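Listed here are the chains, written in short residue letters.
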Amino acid sequence: MPTDHDHMLHTVRMAKAAGEAGNLPIGAVIVLDGKVIAEGQNRLWFPRTDPGRHAEIDALAGVDHTLWPRAKEMTLYTTLEPCLMCLSTILLHCIGHIVYGAKDSRGGALCTVGHMPPAFERFYKEIKMTGPAMPEECNELFRQTVMIIESRIAK
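Residues numbered from 1 in each chain as written. Predicted model: local features only at pLDDT ≥ 70, side-chain atom pairs only at ≥ 80, totals over all residues. Heavy atoms only, no water.

**Concerning the packing of aromatic side chains**
Per the stated rule, a full pass over the model turns up zero aromatic pairs. Note that R152 overlies the ring of W45, its terminal NZ or CZ placed 3.7 Å from the centroid. (Phe/Tyr/Trp six-rings, centres within 6.5 Å; stacked < 30°, edge-to-face > 60°. Lys NZ or Arg CZ within 6 Å of the ring centre and 35° of its normal.)

Written out as structure tokens, the structure reads:
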């Protein structure tokens, strides 16, 4: 059976594919019973501009609707600490475990824990959070993400 490390390597591959397509190098996979049931990658700019197409959101959209009653058994792996939008969406979907590869000091939402609305705090207390799980590989992807964002802002 694949390990957390194997699933994180899958997210790194997804992130690299996103970067090669001209998007931010961020990837995500969702696992249930040891099997990948959905995967996603950042798709902010290609194939079309869509500010909501973060890797985690992309992966959540790919989950078969019949599996949602088992959301608490699912693990979402992502190369980067989720942003506020993604963390909120993950919490509302009641995913049971989040594993992230690198901390996001610029946009990660874990700094909001303890300061979220009561419903979100309750959901957060019900999940398991693990990370940073692969900082060696994922910190480099984060560094690339920051460089891409800064170059786009400078234009």
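**Regarding the sheet that holds strand β3 (residues 75–80)**
On the basis of which strands lie adjacent, the open sheet formed by five strands has the order β2-β1-β3-β4-β5 and mixed pairing. The two strands at the open ends of the sheet, each matched to only one other strand, are β2 (35–41) and β5 (128–130). Across the sheet, the mean angle from the axis of one strand to that of its neighbour is 15°, orientation sign disregarded. With six bridges joining them, strand β1 (residues 27–32) and β2 adopt antiparallel strand pairing. Bridging across to β2, G27 finds its partner in Q41. (Pairing = 2+ DSSP bridges. Helix = DSSP H or I, 4+ residues; strand = E, 2+ residues; numbered from the N terminus. Axes fitted to C-alpha atoms, helices over the stretch in contact; angles between N-to-C directions.)

**Focus: the packing of helix α1 (residues 4–20) against helix α5 (residues 135–154)**
At their nearest, the axes of α1 and α5 sit 11 Å apart, and the two run at 20° to each other. As summarised for this structure, α1 and α5 are arranged roughly parallel, according to the angle between their axes. Crossing of α1 over α5 shows left-handed handedness. In this structure, α1 uses M8, V12, A15 and K16 to contact α5, whose residues at the interface are E137, C138 and L141. Of the residues assigned to the contact of α1 with α5, the class counts are five nonpolar, no polar and two charged. (Parallel < 35°, antiparallel > 145°, perpendicular 65-115°, else oblique. Left-handed = near helix turned anticlockwise from the far one by under 90°. Contact = heavy atoms within 4.5 Å. Nonpolar A, V, L, I, M, F, W, Y, C, P; charged D, E, K, R; others polar.)

**A look at unusual backbone geometry**
Negative phi characterises most residues that are not glycine, and trans characterises most peptide bonds. Cis geometry marks the peptide bond from F46 to P47, where omega comes out at 15°. Along the chain, the position of P47 falls in the loop between β2 and α2 (55–61). For C94, which is not glycine, the phi dihedral falls at a positive 60°. Summarising the element assignment, C94 is placed in the loop between α3 (84–92) and β4 (97–102).

**Regarding the side chain of T75**
Within the secondary structure layout, T75 lies in strand β3. Since its relative accessible area comes to 12%, T75 is described here as buried. Other than its neighbours up to four places away in sequence, T75 contacts V29, I30, V31, H97 and V99. (Buried < 20%, exposed > 50% of the residue type's maximum accessible area, 1.4 Å probe, protein only.)

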